[in-house]
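Structural overview
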Amino acid sequence: MSNEKAFTLIEVIVSLVLIGIMAAIAGMGLMRIAEGYVFTKQNAEATQKAQIAMARMVKELAAADTISAAAANAITYTRPLATGNIITISPPNITLTVNNVSYPLMDKVVTDASASSSKFLFYDKDGTPFSPTVSTTATIRRIDISLKTNGANNTPISFSNSVYVTKVASY
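Presented here is a report on the structure given in the accompanying data block. Just so we're clear, the structure is a prediction, and the values are computed from it rather than from any experiment. (Residues numbered from 1 in each chain as written. Predicted model: local features only at pLDDT ≥ 70, side-chain atom pairs only at ≥ 80, totals over all residues. Heavy atoms only, no water.)

**Details of the environment of Ser90**
As a reminder of what qualifies: Helix and strand definitions here come from DSSP, where helices need a minimum of 4 consecutive H or I residues and strands a minimum of 2 consecutive E residues; each element is numbered from the N-terminal end.
Here Ser90 is to be found in strand E3 (residues 82-90). Between the C-alpha atoms of Ser90 and Ala64, which are 26 residues apart in sequence, the distance is 21 Å.

Take a look at the structure:
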């Protein structure tokens, strides 16, 4: 009997328990990897939307001939071959209205009372910030655009850019 080689029942049970523990640990690791992938994908999507919206707003405002109305959440302007364009930031969207047709630029926009909220800020030729009125829109020389959106798990993502107004309206 001493020449017989085999596993005892206890050895088999212990081996199965150890394999089960290792499989559970590996499964938890794979779940973390999958969660990280989904998180990264959602943040990349939100970032890409914000970058596209920002690029379009910068391009639109840089081509503006005149700014006829300006506020923290909307700018009405004209550009060559189009009249009455409006960029509006209002939760949950940013829209661009060209010739009375609205195009959504971005969703999941955040506006709140914080300094990093989605909004427009206006500066005169001396770099002094001001709140423009209908009679002072011609003095706008720089527009700062701030965008704030939520990515995965409501992770805040902020973007900012400046547009220098080169064409000046005469009143």
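**Overview of the packing of aromatic side chains**
We count it as follows: Between the rings of Phe, Tyr and Trp (Trp by its six-membered ring), a pair exists once the centres lie within 6.5 Å; its type follows the angle of the planes, with under 30 degrees stacked, over 60 edge-to-face, and the other angles tilted. Cation placement over rings: the criterion is NZ of Lys or CZ of Arg within 6 Å of the ring centroid and within 35° of the ring normal.
One pass over the full model with this rule turns up 0 aromatic pairs. A cation over a ring is seen here: Arg142 above Tyr123, with NZ or CZ 3.9 Å from the ring centre.

**As for the sheet that holds strand E6 (residues 119-123)**
Quick reminder of the rule: Strands pair, by our definition, only if DSSP identifies at least two bridges between them. Whether two residues are in contact is decided by their heavy atoms: any pair within 4.5 Å suffices. Between N-to-C directions, angles cover 0 to 180 degrees, with each direction set by a line fitted to C-alpha atoms, over the stretch in contact for helices.
An order of E7-E6-E8-E9 is seen for the 4 strands of this open sheet, with the pairing classed as antiparallel. With one partner strand each, in any of the chains shown, strand E7 (129-130) and strand E9 (156-164) form the two edges of the open sheet. Relative to E7, E6 is paired through 2 bridges, and the arrangement is antiparallel. Pairing of Phe122 across the sheet is with Phe130, part of E7. Of the strands in this sheet, E6, strand E8 (142-150) and E9 touch helix H1 (residues 9-62), which is tilted by about 15 degrees from E9.

**A word on the environment of Phe122**
Under the convention used in this document: Each residue is placed in one exposure class: buried if its accessible area under a 1.4 Å probe, protein chains only, is under 20% of its type's maximum, exposed if it is over 50%, and partly exposed if it falls in between.
Structurally, Phe122 is set in strand E6. Accessibility expressed as a relative area gives 4% for Phe122, which makes it buried. Along the sequence, Phe122 and Arg142 sit 20 residues apart, while their C-alpha atoms lie 5.9 Å from each other. Apart from the residues lying within four places of it in its own chain, the contact partners of Phe122 are Ala70, Ala71, Ala72, Ile75, Thr128, Pro129, Phe130, Pro132, Ile140, Arg142 and Ile143.

**Describing the pairing of strand E2 (residues 74-79)**
Pairing geometry for strand E1 (residues 66-70) and E2, over 4 bridges, is antiparallel. Pairing of Ala70 across the sheet is with Ile75, part of E2.

**Description of unusual backbone geometry**
With a phi close to 55 degrees, Asn153 is a non-glycine residue in the positive phi region. The topology assignment puts Asn153 in the loop between E8 and E9. We note that Asn154 has phi near 55 degrees; this positive angle belongs to a residue other than glycine. Looking at where Asn154 falls in the secondary structure, it is placed in the loop between E8 and E9.

**With respect to the pattern of salt bridges**
Put simply, the rule is: For this document, the term salt bridge refers to a Lys or Arg side-chain nitrogen within 4 Å of an Asp or Glu carboxyl oxygen.
Tallied over the full model, the rule gives 5 salt bridges. The salt bridge involving Asp107 is made with Lys49; its shortest N-O contact spans 3.3 Å. Note that Asp107 is positioned in strand E5 (residues 101-107) and Lys49 in helix H1, a separation of 58 residues in sequence. Looking at Asp107, the relative accessible area reads 29%, which means it is partly exposed. Judged by its relative accessible area of 31%, Lys49 is partly exposed. Between Arg56 and Glu60 there is a salt bridge, with its nearest N and O atoms 3.1 Å apart.

Interpretation note: all reported values are geometric properties and have no functional meaning in isolation.
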